[in-house]
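Next come the chains, spelled out residue by residue.
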Amino acid sequence: MKIHNVKEADVVIIGAGVTGTAIARELSRYDVEAVVVEKGGNVAYGASKATLGQIYTGLNMVGSMVLKSIVLPPGTPLTASALHDPTKMMTKWCDEGFWDWDRGGFDELDVRHRYSPLLVLAKDEDQIKDIETYVRLGESVGGIYADFKRVDRQTILTLEPNVNPEVVTGLYAENHVIDIFPPEVVIALSENAVQNGVKFYLNAEVTGIVQKDEHQVVQTKSGPIETKFIINAAGGWADRIADMAGGRDWELQYNKTPIIILDRRLKGLINGTVRWPNKPGLIQLVQAREDNIVIDCGYYEITHGGPADTGSIAENVRQSMAMAKTLVPAISEDDIISSFNGVRVFNTRDPGDHIVQFSPANPKFLNVVPRLPGIIGALPMARHVVGMLTDVGLQLTTKTDFNPYRNAIPTFRYLSNEARNRLIAKDPRYGRVICQCETVTEGEILDAIRRGATTLDGVKFRTRASMGRCQGNFCGPRIADILARELGQPLHAITKKGEDSNYSYAIGAA
Amino acid sequence: MIKESQTKLDVAVIGGGPAGITACLEFSKSPHLDVALFESEAELGGIPRTCHLRFFGFRDQNHVYTGTAYAQTLSRKVRRTPIRIYTDATVIKLIPGDKCEPHRIDVSTPEGIGTFKTRFIILATGCYEASRSARIISGNRPPGVITTGTLMELVNLRGQKPGHKALIVGSEHVSLSSVLTLKRAGVEVVGMVEKDQDVHTYALVAGAMKSFYRFPIFRDTSINAILGHTRVEEVELYERREERIFRVSCDTVVLTGEFRSYAPLIDHTAIERDPLTFGPAVDTDFMTSIPGIFCAGNVMRGANMHDLCALEGKRVARCILDSPASDRWDTADMSIPLQTQYPVRFVVPQKVGPKAMAPRSPYWLHTGYSLQMAHTIRNPVLEAWSGEERVWKRSFSKLIGNARIPLPVHKFDWRRVDKSKGLIVKLGTEPL
């Protein structure tokens, strides 16, 4: 990454996850110098890259309320007032956020998405009791939260013929879950922010924050930046950043959940999301927008390995698969193409809500530390944060030339042959398939590089190249060739994810 | 653009490796056929192209080449034929035709998307090695965890090495080539890990290599975790017999073997898939469940030697040349299913047609039925059963895990086979 020599900004946002990029994009509506610094070599490189990928409301949110009780103090009652408190930011932004995405967010940012029918299933008495809890909770909140149907076994098996035939009853909602690919949301937000003038510095880990009269200086590995305001959106690393600005009265706690991706040859095995209401685990089989089945086992094991502890544990993967098989018996361990751990961040002060407040020691340093779900509420959160900045003196003038629209890289795989031929006529490299598993062409990879990808993972998250069944073992060297050629670097300088993560070394070199 | 007039074919061969090219060479003997070969890379040759070792061509070319020279030889030969060759051309969709209708393929090239109608298809798309995730290994996901295929691409085609100290996972034949490839690149081999009690290759050769290059072979040992964030730093191993957990310091992990069929084109088609090989299930003629769509080479199973794949390509071409298309629909259901029971991993072909039952079947030596075991077994007896009847048995001194073991189906006692009950190949319970 080039080291830019810009040293001044009005606002520095630390962290390019969904929180940081949503705030950056919101700020780009105004005439204000905003800068995002990110320690990784790509955006979306912390919690945002390893989540299930659902934007949801209604029935699934009711499920989430039940789930939420796991992280709340023991004995928290399963009531609507305890679990759906509209005075809490988390609740409010989830309510608003779903509609923000649904009514325009996706279209503006050109983010691929799919409404996924949701079935909550029950096969024994415990689960039937949980279904009753869902109904009770949903009805006491009302509105969309009660807008689901009770369905019998016959209906369930018509909707999803491949679920466990022992199922007896269930709940069904048609439009309460939207499948997305989480890094794409962050990439879209960041690209639109860049279009509108925000600067991003990658590989720019923050090493210190210094106060200087009227302004403050953010020191990074890519040089210092002078700024009026700082937003701490460092996600799992927010505690360390907050300490640099004078302290905090909260701790972070990290929970790991295994996420497993199955081979796309299983497309069609399920049509939407299916889950048990609680035990065993909260398993969701999502036929996400890319036709892979995704399993999220919602273990919520506390990890002491910190926010970077995303490694998977073979035993958890096997257990998760065994549990998922109780939902859809036809899947097997042989279908796994990828598995990783999502790290979920909670604060110890109120695990049920976000932290959005100025540092007690520094009135121009704003901590924005959301708990999950981060993506659903990102847009209202960003508006709220920008409002807080104006309250403490940030001057904002609306830009006349703000462009809310961002165009995605064309996805060759989903185009018609006519549309493919139009692309190939423009640039023949759209006809050369590099990643065969996911049918990603050289043209798409070049687009990704033009938009800022400098690493193999940067290309992967923008194009899906090497996300298929061979996991980059065929196309990895070819993508590295293209990166080296386009960036004018030797092959051995190409990395997987920045720093010293070199993909290869020259023979003869030590 | 691919011209409209060229889009009708007799045979589309998908994959320009040894199997695909050799099939084309055989077709070129019948010049009246319109045959096209599609290869997604810029050059023909397939996997042998990436291998510097000199053991190629022995059984199909009667000559010994390096992999690179072998690939060049095949490529040169096929380019001299009238076969149409499309490189940089990836088949992105396969739509089987209805009964007696031609099949359709969509091909992506830098000149545009071509749509071809064809009477026959030969799938020769090869195999791949199970990735790190597919093997369910704990730990973070740093770079430096690669397969033999990637290793050979980096070293032999690009003059690159994946790291400085490598641990090899697996002990199949291909694991030995990865030792030689690593050594060629100047990479230290810190060990070879095999979860089975015995290695999955010739024990003598593995032993000689171990002494010559001075690396340990950890048998009965599995990987607990790969440690490190931006680089591999250590690998944690678990030795079962001693119940010992220990760590090996390295920056590269080479995952070898555990081959699977690479056949994304059959996904979401009516072509029957064998969950054991991950590839299409085939009959004696290497024909899939859809008449007119055939397989050749390692797309049927990973991984046979390149020259056997080449011979399979030749044989499948002969099958197509020797019998008219209309016969296919009539004979498609005449085959008997052949199944396996653990620790027999799989058998290919998965069905037995009348041809294979003939007492002197011409095909059994190199291109006949073969199976693989899940692990190495000493002094086993293999048996074939049809219902309650044992129709074949043979004792072996050793069956090597994940290696090709020929299965002489022509020696089965076919008079006692009950077609309705099918056949199953399994380990005998008592020694002979």
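(A) Spatial organisation of the overall build of chain A. A tally of regular secondary structure across chain A gives 14 helices and 23 strands. Whereas a compact globule of 510 residues would reach a radius of gyration of roughly 24 Å, chain A reaches 23 Å, a difference of no more than 12%. For chain A, the C-alpha atoms occupy an extent of roughly 65 × 55 × 50 Å along the three principal directions. Among the 510 residues that make up chain A, the fraction classed as buried is 58%. Excluding contacts between residues fewer than 6 apart, the proportion of contacts in chain A whose partners are at least 24 apart in sequence is 73%.

(B) Spotlight on the overall build of chain B. When you go through chain B residue by residue, the secondary structure sums to nine helices and 31 strands. For chain B, whose C-alpha radius of gyration is 22 Å, the value lies close to the compact-globule estimate of 22 Å for 432 residues. The principal-axis extents of the C-alpha atoms in chain B amount to approximately 60 × 60 × 40 Å. Looking at chain B alone, contacts between residues at least 24 apart form 66% of all its contacts between residues at least 6 apart.

(C) Focus on the interface of chain B and chain A. The interface is formed by 46 residues belonging to chain B together with 50 residues belonging to chain A. Elements with a contribution of two residues or more to the side of chain B that touches chain A: strand 6 (90-95), strand 7 (103-109), strand 8 (112-123), strand 9 (127-129), strand 10 (138-139), strand 11 (145-147), helix 3 (148-158) and strand 12 (160-161) of chain B. No other element matches helix 3 of chain B, which puts five residues into the side of chain B that touches chain A. In terms of residue class, the side of chain B that touches chain A is built from 15 nonpolar, 20 polar and 11 charged. As paired strands, strand 23 (residues 505-506) of chain A and strand 12 of chain B are joined by two bridges and run antiparallel to one another. Paired with Ala506(A) across the bridge in strand 12 of chain B is Gln160(B).

(D) Layout of the packing of helix 12 (residues 442-450) of chain A against helix 13 (residues 456-463) of chain A. Residue and element names in this part refer to chain A. Across the interface, helix 12 lies against helix 13 with an axial gap of 9 Å and an inter-helix angle of 115 degrees. Between helix 12 and helix 13, the crossing angle belongs to the class labelled roughly perpendicular. Note that helix 12 runs across helix 13; the crossing there is right-handed. Of helix 13, the residues touching helix 12 (which contributes Glu444, Ile445, Ala448 and Ile449) are Gly458, Val459, Arg462 and Thr463. For the contact of helix 12 with helix 13, the per-class residue count stands at four nonpolar, two polar and two charged.

(E) Broad picture of the domain arrangement of chain B. All names here are of chain B. Split into domains, chain B comes out as domain 1 (4-128 + 259-333), domain 2 (131-255) and domain 3 (337-427). The centre of domain 2, based on its C-alpha atoms, is set 32 Å off from the matching centre of domain 3. Residue composition of the side of domain 2 that touches domain 3, by class: no nonpolar, three polar and three charged.

(F) Inspection of the sheet that holds strand 19 (residues 252-255) of chain B at higher detail. All names here are of chain B. The parallel open sheet is built from five strands, whose spatial order is 11-19-13-14-15. The open sheet has two free edges, formed respectively by strand 11 and strand 15 (217-218), since each of these has just one partner strand. Where strand 11 and strand 19 come together, three bridges link them in parallel fashion. Note that in strand 19 the partner of Thr147 across the bridge is Leu255. Packed on one face of the sheet, helix 3 meets strand 11 and strand 19 and runs near 90 degrees to strand 11.

(G) Region of interest: helix 6 (residues 306-322) of chain B. Taking 1.5 Å as the rise per residue, helix 6 of chain B with 17 residues should run 24 Å; its terminal C-alpha atoms sit 24 Å apart, in good agreement. Counting buried positions over the 17 residues of helix 6 of chain B gives 14, a clear majority of the element.

(H) How the structure looks around the pairing of strand 10 (residues 206-212) of chain A. Residue and element names in this part refer to chain A. Pairing of strand 10 with strand 11 (residues 215-220) involves six bridges; the strand directions are antiparallel. Bridged to Gln211 within strand 11 is Gln216. The antiparallel hairpin formed by strand 10 and strand 11 contains two residues in its connecting segment, where Asp213 sits at a positive phi of about 40 degrees.

(I) Main features of unusual backbone geometry. Leu372(A) connects to Pro373(A) through a cis peptide bond whose omega is -5 degrees. Summarising the element assignment, Pro373(A) is placed in the loop between strand 20 (362-369) and helix 10 (378-391). Positive phi outside glycine occurs at Ile136(B), with the angle close to 50 degrees. Looking at the secondary structure, you find Ile136(B) in the loop between strand 9 and strand 10. The residue Asp220(B) is not glycine, and still its phi comes out positive at about 55 degrees.

(J) Molecular detail of the sheet that holds strand 4 (residues 114-115) of chain A. Residues and elements named next belong to chain A. Spatial ordering of the open sheet is given by 3-8-4, a layout of three strands whose pairing is antiparallel. The sheet is open, and its two borders are formed by strand 3 (54-56) and strand 4, each paired with just one other strand. For strand 3 and strand 8 (residues 177-179), the ladder comprises three bridges, and the chain directions are antiparallel. Directly across from Tyr56, in strand 8, lies its bridge partner Val177.

(K) Quick peek at the packing of helix 1 (residues 18-27) of chain B against helix 6 of chain B. All names here are of chain B. Two elements in contact, helix 1 and helix 6, have axes separated by 7 Å at closest approach and are oriented at 40 degrees. In this structure, the crossing between helix 1 and helix 6 has a hand that is right-handed. Mapping the contact onto sequence places Pro18, Ala19, Gly20, Thr22, Ala23, Glu26 and Phe27 in helix 1 and His306, Cys309, Ala310, Glu312, Gly313, Lys314, Val316, Ala317 and Arg318 in helix 6. Within the contact of helix 1 with helix 6, the residues separate by chemical class into eight nonpolar, four polar and four charged.

(L) Representation of helix 9 (residues 314-327) of chain A in the model. Residues and elements named next belong to chain A. With 14 residues, helix 9 should cover 20 Å at 1.5 Å per step; its first-to-last C-alpha distance of 20 Å lies within 8% of that length. Listed in full, the buried residues belonging to helix 9 are Asn316, Val317, Ser320, Met321, Ala324 and Leu327. Considered in projection along helix 9, the buried side chains sweep an arc of 135 degrees and stay on one side of the axis. Along helix 9, exposed side chains directed more than 90 degrees from the buried face belong to Glu315 and Ala322. In the core, the buried residues of helix 9 are packed alongside strand 13 (252-262), strand 14 (273-275), strand 15 (284-287), strand 16 (293-296) and strand 18 (336-347).

(M) Broad picture of the pairing of strand 27 (residues 381-386) of chain B. Residue and element names in this part refer to chain B. Buried residues dominate strand 27, accounting for five of its six residues. Bridge analysis of strand 27 against strand 28 (residues 389-395) gives six bridges, and the strand direction is antiparallel. Looking at strand 28, one finds that Val381 is bridged to Ser395. Hairpin connection from strand 27 to strand 28: two residues lie between these consecutive antiparallel strands, with Gly387 at a positive phi of about 60 degrees.

(N) Highlighting the domain arrangement of chain A. Residues and elements named next belong to chain A. As assigned here, chain A comprises domain 1 (8-48 + 182-251 + 350-391), domain 2 (111-179 + 252-346) and domain 3 (412-493). Using only C-alpha atoms to locate each centre, domain 1 and domain 3 end up separated by 30 Å. At the junction of the two partners, domain 1 supplies six residues and domain 3 supplies seven residues. Across the side of domain 1 that touches domain 3, the residue classes break down as three nonpolar, two polar and one charged.

(O) Region of the structure containing the environment of Val169(B). Residues and elements named next belong to chain B. For Val169, the location among the structural elements is in strand 13 (residues 165-169). According to the C-beta neighbour criterion, Val169 is buried, with 29 such atoms within 10 Å. Sequence spacing of Val169 and Gly191 is 22 residues, and the spatial spacing of their C-alpha atoms is 8.5 Å. With near-sequence residues (within four places) excluded, Val169 lies in contact with Val193, Ile223, Val253, Val254, Leu255 and Thr256.

(P) Structural detail: the nonpolar core. Val11(A), Val12(A), Ile13(A), Ile14(A), Ile231(A), Leu285(A) and Val253(B) are the most contacted members of the largest nonpolar core, which totals 165 residues. The element best represented in this core is helix 10 of chain A, accounting for seven residues. Counting residues in each nonpolar core, the second largest holds 118 residues, with Ile494(A), Ala23(B), Ile290(B) and Ala310(B) among its members.

(Q) Highlighting the environment of Tyr115(A). Residue and element names in this part refer to chain A. Tracing the sequence through the fold places Tyr115 in strand 4. Judged by local crowding, Tyr115 falls into the partly exposed class, with 14 C-beta atoms found within 10 Å. Setting aside anything within four residues of it in sequence, one finds Tyr115 in contact with Asn175 and Ile178.

(R) Summary view of the environment of Gly246(A). Residues and elements named next belong to chain A. Topologically, Gly246 is positioned in the loop between helix 8 (238-244) and strand 13. Separated by 37 residues in sequence, Gly246 and Ile209 have C-alpha atoms that sit 9.3 Å apart. Ignoring any residue separated from it by four or fewer positions in sequence, one finds Gly246 in contact with Ser359, Ala361 and Asn362.

Basis of the calculations
- Residues numbered from 1 in each chain as written.
- Chains lettered and ligands numbered in written order.
- Predicted model: local features only at pLDDT ≥ 70, side-chain atom pairs only at ≥ 80, totals over all residues.
- Helix = DSSP H or I, 4+ residues; strand = E, 2+ residues; numbered from the N terminus.
- Rg over C-alpha atoms; globule rule 2.2 N^0.38 Å.
- Buried ≥ 20, exposed ≤ 12 C-beta atoms within 10 Å, placed from the backbone.
- Contact = placed C-beta atoms within 7 Å.
- Nonpolar A, V, L, I, M, F, W, Y, C, P; charged D, E, K, R; others polar.
- Pairing = 2+ DSSP bridges.
- Axes fitted to C-alpha atoms, helices over the stretch in contact; angles between N-to-C directions.
- Parallel < 35°, antiparallel > 145°, perpendicular 65-115°, else oblique.
- Left-handed = near helix turned anticlockwise from the far one by under 90°.
- Domains from an automatic or database assignment.
- Expected span 1.5 Å × (residues − 1).
- Arc of directions from axis to C-beta.
- Core = buried A, V, L, I, M, F, W, Y, C linked by C-beta atoms within 7 Å.

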